[in-house]
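Residues per chain, in single letters:
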Amino acid sequence: MHSAVHRMNALFTFSVLLLAVLCGAASFLDAFTSPLSSSSSYVRADAQVLRVNRFRKQLNGNDEVSLNLNVSIDMRSLFTWNTKQVFVFLAAEYATPKNSLNQISLWDHIILDKDQANFQTKVNSKYPLIDQGSNLRGRKVDIVLHWHVMPKTGRMVRDKLLLSDFHLPEVYT
Ligand SMILES: *[C@@H]1O[C@H](CO)[C@@H](O)[C@H](O)[C@H]1NC(C)=O
């Protein structure tokens, strides 16, 4: 009886050890198969501002902007056997005298597999850019694509790519 329990225990220990080794190997392997920090050179993307839907001063004095963008993304290269999903978001980034970096998410999306990783779409900014005060007129805004690659096992990889920049109008619409 002692020997049966002992064998079960040994088997259990071995299974756990094997699982740990497999997960370790998967993460290790993934370090070579996923493009990691250089992934931005594998991602092809473009985003252009087609239209400024709205640019006005709110009653409280803040500037409000809403944009229409043409977005095209090819992230097929990010999908390996170990990729669970890719979270992608488009951000408007700009500097003001108060803050060196203001970042506002314009649009986000979850890509679940390689077949859906190459597409083109027109989007309206989900969250309007609202600034504290009236200093957005004529301001340069960068459109930056950010992505988080979530693996089945191993660590998450984040990266970003500057797609374009544009200047907001000098006058309200
Ligand atoms: C949107 O982008 C795609 C791919 O970059 C391009 O072929 C298309 O002409 C663009 N559409 C507009 C309205 O700019």
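If you're wondering where the values come from, they're calculated on a predicted model, not measured in any experiment.

A. Structural context of the pattern of salt bridges. As enumerated under the stated definition, the model contains six salt bridges in all. The residue Arg-44 makes a salt bridge to Asp-74 at a minimum N-O spacing of 2.9 Å. Taken together, the residues span a long stretch of sequence, with Arg-44 in strand S1 (residues 44-57) and Asp-74 in strand S2 (residues 63-74) at a distance of 30 residues. Looking at Arg-44, the relative accessible area reads 58%, which means it is exposed. The salt bridge involving Glu-64 is made with Arg-54; its shortest N-O contact spans 3.0 Å. Here the residue Glu-64 occupies a position in strand S2, and Arg-54 occupies one in strand S1, the gap between them amounting to 10 residues. A cluster of three or more residues bridged by salt bridges with shared partners is formed by Arg-44, Asp-74 and Arg-76.

B. Examining the sheet that holds strand S4 (residues 102-111) more closely. Strand order across the open sheet formed by four strands is S4-S3-S7-S8, with antiparallel pairing between neighbours. Edge positions in the sheet fall to S4 and strand S8 (157-167), since each has one partner strand and no second. The sheet shows a mean angle of 20° between the axes of neighbouring strands, taken without regard to direction. As paired elements, strand S3 (residues 83-94) and strand S7 (residues 140-151) share 10 bridges and run antiparallel to each other. By the bridge assignment for S7, Val-88 is matched with Trp-147.

C. Inspection of the site of the ligand at higher detail. Near the ligand you find Leu-50, Asn-70, Ser-72, Gln-120 and Lys-122, and these make up its full shell. One of the side-chain N or O atoms of Asn-70 is found 2.4 Å from an oxygen atom in the ligand. The fraction of the free accessible surface of the ligand (360 Å²) that becomes covered by protein chains is 42%. Secondary structure elements with two or more residues in the shell around the ligand: S2 and strand S5 (118-124). Residue composition of the shell around the ligand, by class: one nonpolar, three polar and one charged.

D. The pairing of S7, seen in detail. By the criterion of burial, S7 is predominantly enclosed, with nine of the 12 residues buried. Sheet topology places S7 next to S8; 10 bridges connect them, and they run antiparallel. By the bridge assignment for S8, Val-149 is matched with Val-157. Here S7 hands over to S8 after five residues, with Gly-154 in that stretch at a positive phi of 110°.

What counts, and where the lines are drawn
- Residues numbered from 1 in each chain as written.
- Predicted model: local features only at pLDDT ≥ 70, side-chain atom pairs only at ≥ 80, totals over all residues.
- Heavy atoms only, no water.
- Salt bridge = Lys/Arg side-chain N within 4 Å of Asp/Glu carboxyl O.
- Helix = DSSP H or I, 4+ residues; strand = E, 2+ residues; numbered from the N terminus.
- Buried < 20%, exposed > 50% of the residue type's maximum accessible area, 1.4 Å probe, protein only.
- Pairing = 2+ DSSP bridges.
- Axes fitted to C-alpha atoms, helices over the stretch in contact; angles between N-to-C directions.
- Near = heavy atom within 4 Å.
- Polar contact = N/O pair within 3.5 Å; in protein donor to acceptor, adjacent residues only side chain to side chain.
- Areas by Shrake-Rupley, 256 points an atom, 1.4 Å probe, with all protein chains shown as cover.
- Nonpolar A, V, L, I, M, F, W, Y, C, P; charged D, E, K, R; others polar.

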